[in-house]
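Here is what each chain is made of, one letter per residue.
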Amino acid sequence: MNFIDPSAKLDETVKVGYFSVVEKDVKLGKDVVIGNRVTIHEGTVIGDGTTIADGAVVGKPPKPAKTSTVKLADSIPALELGEGVTVGANAVIYRGAKIGSDTLIADLASVRENVEIGNYVIVGRGVTVENYVKIGDRTKIQSNSYITAYTTLEEQVFIAPCVTTTNDNLMGRTEERFDKIKGATVKKGARVGGASILLPGIVVEEETFIAAGALVTKNTEPKTLIKGVPAKFVRMVDERELL
């Protein structure tokens, strides 16, 4: 048995599995497929051809802890999913996110409020995308990576598995930190190797190649290969490996 609020607008081609909930003012486009035990929260807009797998929660209203660094705005817009989006099993996408067409949010991924994700993006299994993150078209974030609040990933960025980004040099001990929180900026075409760590505010320039396991403590130069702890220049990226 499903619950579908009378105010929800479902195209006649929509398919809904068992034990799913569609709250008020939800809009589902053509050929949308909803799995079993899915919850679609109030006002969510879902584009044509989108698929939402079993157990996913979309449009979830955020409710941060009283001690959370990131504060909520007075009004948060409804979640928008573009055409052809795929949402994996047990993924959670919060209200206030906007996700472009033909993007994959894989199983067990979490996307918080006030996030903008472009078209043809892959957010892999178990990835966490925190608040106020921007992700450009055709970027790929592999399994179990952590994209902290106030991070920007531009177009065609590659983030390998288990990468960690950070945004707080003061480690949450003083009120001063609220004015200085800043995530990394990873520019177009850059590649970040598995299990690397980016320190707060780092700028990874275009087509930088960061080797696996690196600790990036300083801004990079474009088209350079860096590696190590801390990461240092090794060589220029081979012309054959550039976009």
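In the block above lies the structure referred to throughout.
Residues numbered from 1 in each chain as written. Predicted model: local features only at pLDDT ≥ 70, side-chain atom pairs only at ≥ 80, totals over all residues. Heavy atoms only, no water.

A. Focus on the nonpolar core. Core analysis: the largest hydrophobic core is formed by 50 residues, its most contacted members being Ile40, Ile52, Leu81, Val87, Ile93, Ile105 and Ile117. Contacts of valine 87, omitting those with residues within four sequence positions, involve Thr51, Ile52, Ala53, Ala56, Val58, Leu81, Ile93 and Ile105. (Core = buried A, V, L, I, M, F, W, Y, C linked by side-chain atoms within 4.5 Å. Buried < 20%, exposed > 50% of the residue type's maximum accessible area, 1.4 Å probe, protein only. Contact = heavy atoms within 4.5 Å.)

B. Unusual backbone geometry, seen in detail. With an omega dihedral of -5 degrees, the bond running from valine 229 to proline 230 counts as a cis peptide bond. Even without being glycine, phenylalanine 19 reaches a positive phi, approximately 60 degrees. Assignment of secondary structure puts phenylalanine 19 in the loop between strand E3 (15–16) and strand E4 (21–22). With relative accessibility at 47%, the residue phenylalanine 19 sits in the partly exposed group. Even without being a glycine, arginine 138 presents a positive backbone phi close to 60 degrees. Structurally, arginine 138 can be placed in the loop between strand E20 (134–135) and strand E21 (140–141). (Helix = DSSP H or I, 4+ residues; strand = E, 2+ residues; numbered from the N terminus.)

C. The arrangement of the sheet that holds strand E17 (residues 116–117) in detail. On the basis of which strands lie adjacent, the open sheet formed by 10 strands has the order E2-E5-E8-E11-E14-E17-E20-E23-E26-E29 and parallel pairing. Each edge of the open sheet carries a strand with a single partner, namely strand E2 (9–10) and strand E29 (203–204). Relative to E20, E17 runs parallel, the two sharing two bridges. Bridge pairing in E20 links isoleucine 117 to isoleucine 135. (Pairing = 2+ DSSP bridges.)

D. Looking closely at the packing of aromatic side chains. In total, this model carries one aromatic pair according to the counting rule given. Ring plane angle 0 degrees and centroid distance 5.2 Å describe the contact between tyrosine 132 and tyrosine 150, whose orientation is recorded as stacked. Taken together, the residues span a long stretch of sequence, with tyrosine 132 in the loop between strand E19 (128–129) and E20 and tyrosine 150 in the loop between strand E22 (146–147) and strand E23 (152–153) at a distance of 18 residues. The ring of phenylalanine 19 carries arginine 37 above its face, with NZ or CZ at 4.6 Å from the centroid. (Phe/Tyr/Trp six-rings, centres within 6.5 Å; stacked < 30°, edge-to-face > 60°. Lys NZ or Arg CZ within 6 Å of the ring centre and 35° of its normal.)

E. Structural context of the side chain of threonine 103. Within the secondary structure layout, threonine 103 lies in the loop between strand E14 (98–99) and strand E15 (104–105). On the basis of relative accessible area, threonine 103 is assigned to the buried category, the value being 1%. From its side chain, threonine 103 meets the backbone nitrogen of tyrosine 120 in a polar contact 3.4 Å long. Setting aside anything within four residues of it in sequence, one finds threonine 103 in contact with Gly84, Val85, Thr86, Ile117, Gly118, Asn119, Tyr120 and Val121. (Polar contact = N/O pair within 3.5 Å; in protein donor to acceptor, adjacent residues only side chain to side chain.)

F. Inspection of the pairing of strand E10 (residues 57–60) at higher detail. For strand E7 (residues 39–40) and E10, the ladder comprises two bridges, and the chain directions are parallel. Paired with isoleucine 40 across the two strands is valine 58, which belongs to E10. As judged from the three bridges shared by E10 and strand E13 (residues 92–94), these two strands associate in the parallel manner. Residue pairing in the sheet places valine 58 in a bridge with isoleucine 93 of E13.

G. Local environment of the pattern of salt bridges. Under the criterion given, the structure shown has four salt bridges. Linking glutamate 113 and arginine 112 is a salt bridge whose minimum nitrogen-to-oxygen distance equals 3.0 Å. Accessibility classification places glutamate 113 together with arginine 112 in one group, the buried group. (Salt bridge = Lys/Arg side-chain N within 4 Å of Asp/Glu carboxyl O.)

H. Seen up close, the environment of phenylalanine 158. Residue position: phenylalanine 158 is located in strand E24 (residues 158–159). For phenylalanine 158, a relative accessible area of 32% gives the class partly exposed. Sequence separation of phenylalanine 158 and lysine 140 is 18 residues, and the distance between their C-alpha atoms is 5.0 Å. Not counting the four nearest positions on each side in its chain, phenylalanine 158 is found in contact with Lys140, Gln142, Ala190, Arg191 and Val192.

None of the figures reported here should be taken as evidence of function without further support.
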